[in-house]
Amino acid sequence: GVTTLSAGTQALGVAGTIVNSPQITVASGATFDVSAVAPYNLASGKILQGSGTVSGSLVANSAAILRPAGAGAVGTLIFSGGLTQNGGVLNEIEFNPVTNDVIEVVGDLDLNPAATNTFVVSSISGSIAPGTYTLIRYTGTLLNGGATNFVLSGISGTLVHNVGAKTISLTT
């Protein structure tokens, strides 16, 4: 069934896995600690969502879904320890009239340079105003790839990698 981390820290051991859970929700203030697994692989068809923190390196594989805050909400999903997107990853980003979802990486961001991931953009209330919106923010190094490793779905716009600000943003 679905795995929900409402508070505190859920740590996986060295051989730890959650293979039977189609969806992992990490609530605000909760931590999903995958640091012992090195790295934790989010498999095809699995959803990782919420406004909490994933501690440790995570690799999102083709057809995995990253959904900051969860469906119908706007917030920030934090990856503390690095994030790799191997291609075919669906980054579901929602907007409301005030702000938008953000994927925050405290550490390195690695985008498979030979593959493409998707930002699936939608609004939960009203239309998305013209402007520039941060979709991914990272503190470490962009190891591979860049904005050209993403395509947009659900909106027209331009994706830009700002090396100095360490962001990948959408301009509509």
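Remember, it's a predicted structure, so these values are computed and weren't measured experimentally.

Conventions adopted
One numbering rule holds for all chains: residues counted from 1, following each sequence as written. Residues qualify for local features only when their pLDDT is at least 70, as the model is predicted, and side-chain atom pairs are given and counted only at 80 or more; totals for whole chains, interfaces and linings, by contrast, use all residues. Here the side-chain values reflect all heavy atoms present in the structure, with hydrogen atoms and water set aside. Counting from the N terminus, the helices are the DSSP runs of H or I reaching at least four residues and the strands are the DSSP runs of E reaching at least two. In this treatment the radius of gyration is a C-alpha quantity, and the globule benchmark scales as 2.2 Å times the residue count to the 0.38 power. The classification of residues rests on relative accessible area computed with a 1.4 Å probe and restricted to protein chains. Under 20% of the type maximum is buried, over 50% is exposed, and intermediate values are partly exposed. Contacts are residue-level and defined by heavy atoms, with any inter-residue pair within 4.5 Å sufficient. Note on areas: Shrake-Rupley, 1.4 Å probe, and residue coverage restricted to the protein chains presented here. At least two bridges found by DSSP between two strands is the condition for calling them paired. In this description, a line fitted to the C-alpha atoms serves as the axis of each element, helices being fitted only across the stretch in contact, and the angle between N-to-C directions of two axes falls anywhere from 0 to 180 degrees. What makes a nonpolar core is a set of buried Ala, Val, Leu, Ile, Met, Phe, Trp, Tyr and Cys residues whose side-chain atoms join them at distances within 4.5 Å.

Caption draft 1: The overall build of the chain, seen in detail. In terms of regular secondary structure, the chain is built from 0 helices and 20 strands. The globule rule puts the C-alpha radius of gyration for 172 residues at 16 Å, and the 15 Å found for the chain is close to it. Here the chain, with 172 residues, has 45% of them falling under the buried criterion. Pairs at least 24 apart in sequence give 61% of the contacts found in the chain among residues at least 6 apart. Of the accessible surface of the chain, which amounts to about 7,100 Å², a share of 52% is contributed by carbon and sulfur atoms.

Caption draft 2: A look at the pairing of strand β6 (residues 47-50). Here β6 shows two buried faces, one formed by Ile-47 and Gln-49 and the other by Leu-48 and Gly-50. Sheet analysis places β6 next to strand β9 (residues 65-68), joined by 4 bridges and oriented parallel. In the strand pairing of β9, Leu-48 is matched with Leu-66.

Caption draft 3: Examining the sheet that holds strand β3 (residues 23-26) more closely. Across the sheet, which stays open at both edges, the 7 strands sit in the order β1-β3-β6-β9-β12-β15-β18 with parallel pairing between neighbours. Because the sheet does not close on itself, it has two edges, and the strands there are β1 (3-5) and β18 (150-153). The sheet shows a mean angle of 20° between the axes of neighbouring strands, taken without regard to direction. Alignment of strand β15 (residues 117-123) against β18, held across 4 bridges, turns out to be parallel. Counterpart to Val-120 in the pairing with β18 is Ser-153.

Caption draft 4: Highlighting the environment of Ser-51. The residue Ser-51 is located in the loop between β6 and β7 (53-55) in this model. Since its relative accessible area comes to 27%, Ser-51 is described here as partly exposed. Along the sequence, Ser-51 and Ala-30 sit 21 residues apart, while their C-alpha atoms lie 8.3 Å from each other. With sequence-adjacent residues up to four places away left out, Ser-51 is seen in contact with Val-26, Ala-27, Ser-28, Ala-69, Gly-75 and Thr-76.

Caption draft 5: Inspection of the nonpolar core at higher detail. Core analysis: the biggest nonpolar cluster contains 39 residues, and Phe-32, Tyr-40 and Leu-48 have the highest contact counts within it. When residues in this core are grouped by element, the largest group, 4 residues, is from strand β16 (residues 132-138). The contact partners of Phe-32, leaving out residues within four places of it in the chain, are Leu-5, Gln-10, Leu-12, Ile-18, Ile-24, Val-26, Tyr-40, Thr-53, Val-54 and Ser-55.

Caption draft 6: Structural detail: the sheet that holds strand β8 (residues 58-60). In space, the 5 strands of this open sheet follow the order β5-β8-β11-β14-β17, with parallel pairing throughout. Edge strands, defined here as strands with exactly one partner in the open sheet, are β5 (40-42) and β17 (142-144). Adjacent strand axes in the sheet meet at a mean angle of 20°, parallel and antiparallel pairs treated alike. Relative to β8, β5 runs parallel, the two sharing 3 bridges. Within the sheet, the bridge partner assigned to Asn-41 lies in β8 and is Val-59.

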